[in-house]
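Remarks on the overall topology
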Amino acid sequence: MLGVLRDEGALSRVALGERLELPRARLAAELGRLIDDGLVEVGGPAASRGGRRSTLVHLADDLRVIGIDVGATSITAAVTDGRCEVLASASEECDVRLGPVEVLRRARELAARTAARAPGRLIGAGIGLPGPVSFRDGMPVAPPIMPGWDRYPVRDELASALGCPVTVDNDVNVMALGERHAGVARSLDDLIFVKVGTGIGCGIVLGGRVYRGVAGTAGDIGHVRLDDFGPPCACGEVGCLEAYFGGAALARDGLTLARTGRSPVLAETLAATGSLTARDVGTAAASGDFAAASLVREGGRRLGQVVASLVSFLNPGMVVIGGGVSRLGHALLAEVRSAVYRRSLPLATGNLPIVLSELGDDAGVIGAAWSATERAFTSPA
């Protein structure tokens, strides 16, 4: 019942009963309990359907959920209402390699400052982490770019500090949930969300639920090997997709272009700032720098090659591309589309939208909040 009110908004008692196929007496009893618990409130009269007018019911206005998205180089925190609509959010730079104690301390402080801007009754919190996560145990497991985080009890520590139920998941999974709940893929039951940031990952939604696999590592496409003799990857192997086209790889290759003089724009940026980022490569490509644009096209082609395999295997209803590197925009999108449409069967791609995320940095925090409500609504505090 709480999930329906979260996803569909205020409903009349009659419509809610029909939606859940509950008899009137059972509906009245359950609603009464939720109203007494302060989770549901009664609104005004519903539209007339003939006869006595029903009343509207909706989630309590003071319900609050915290969503936290920890990236490789930043933290974003948001407070939402019970429907996972963002009321306030904030971000700050933070290197995940500082370790769980420091990063979680900063995440809690950022969440507390954000929550103070939209006070209410905290019912749950969710956090996404940039590495493999055991969703059942609420902890990361051997994450390649997160030294010191292996099996750290993230869920238990945050639940103790915040005093509410907490969910912990891979950052790409929560971003996929965010897109399905509030983004361009709203209400689609089968979709793929590809995050291209410092690393590369994929969130898979099948039948309306995130598919995590047996151990929670489903969708780890950044470590699909493309070449046995390719560049070294952070995971310890060579030739992974992430080693070719993650944010760190783009910055590395952009530095090579600048130092060899093949990219005048990147050479100027390097001389002015002393370093280069993936964003600098994108800016150079957008300005017409041929070498930088070629780097983006080649990376998009490699990404599209892997996505095409996923499309052939899973036959999703949509592919959404997000993450920091997705800000390269339509030059990247065009290469991914070209590779997928060329390599996959027409039956799989005939009605397949491949689009950029519209939620941006909010995708992760909205998805984390949505995951938190799933837990809170099944065992209300």
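Presented here is a report on the structure given in the accompanying data block. (Residues numbered from 1 in each chain as written. Predicted model: local features only at pLDDT ≥ 70, side-chain atom pairs only at ≥ 80, totals over all residues. Heavy atoms only, no water.)

Some points on the overall build of the chain
- Per the secondary structure count, the chain includes 14 helices and 15 strands.
- The C-alpha atoms of the chain give a radius of gyration of 23 Å, which matches the 21 Å a tight globule of 381 residues would have.
- The C-alpha extent of the chain, read off along each of the three principal axes, is 75 × 50 × 40 Å.
- Contacts in the chain between residues at least 24 apart in sequence constitute 59% of all its contacts with a sequence separation of at least 6. (Helix = DSSP H or I, 4+ residues; strand = E, 2+ residues; numbered from the N terminus. Rg over C-alpha atoms; globule rule 2.2 N^0.38 Å. Contact = heavy atoms within 4.5 Å.)

Digging into the pattern of salt bridges
- Enumeration over the complete set of coordinates arrives at 23 salt bridges.
- In this structure, the salt-bridge partner of Arg6 is Asp7, at a minimum N-O distance of 2.8 Å.
- Taking relative accessible area as the criterion, Arg6 reaches 2% and is therefore assigned buried.
- With its nearest N and O atoms 2.7 Å apart, the salt bridge here joins Asp169 to Arg212. With a gap of 43 residues between them, Asp169 in strand S10 (residues 166-170) and Arg212 in the loop between strand S13 (209-210) and helix H7 (241-245) connect regions that are remote in the sequence.
- One connected set of salt bridges, linked through shared partners, spans Arg6, Asp7 and Glu374. (Salt bridge = Lys/Arg side-chain N within 4 Å of Asp/Glu carboxyl O. Buried < 20%, exposed > 50% of the residue type's maximum accessible area, 1.4 Å probe, protein only.)

Points about the pairing of strand S14 (residues 319-322)
- Residues Val319 and Ile321 point to one face of S14 and Val320 and Gly322 to the other, with burial holding for every one of them.
- Note that strand S11 (residues 191-196) and S14 share 4 bridges and pair parallel. Paired with Lys195 across the bridge in S14 is Gly322.
- Examined bridge by bridge, S14 and strand S15 (residues 354-356) share 3 bridges and lie parallel to one another. Among the inter-strand pairings, Val319 is bridged to a residue of S15, identified as Ile354. (Pairing = 2+ DSSP bridges.)

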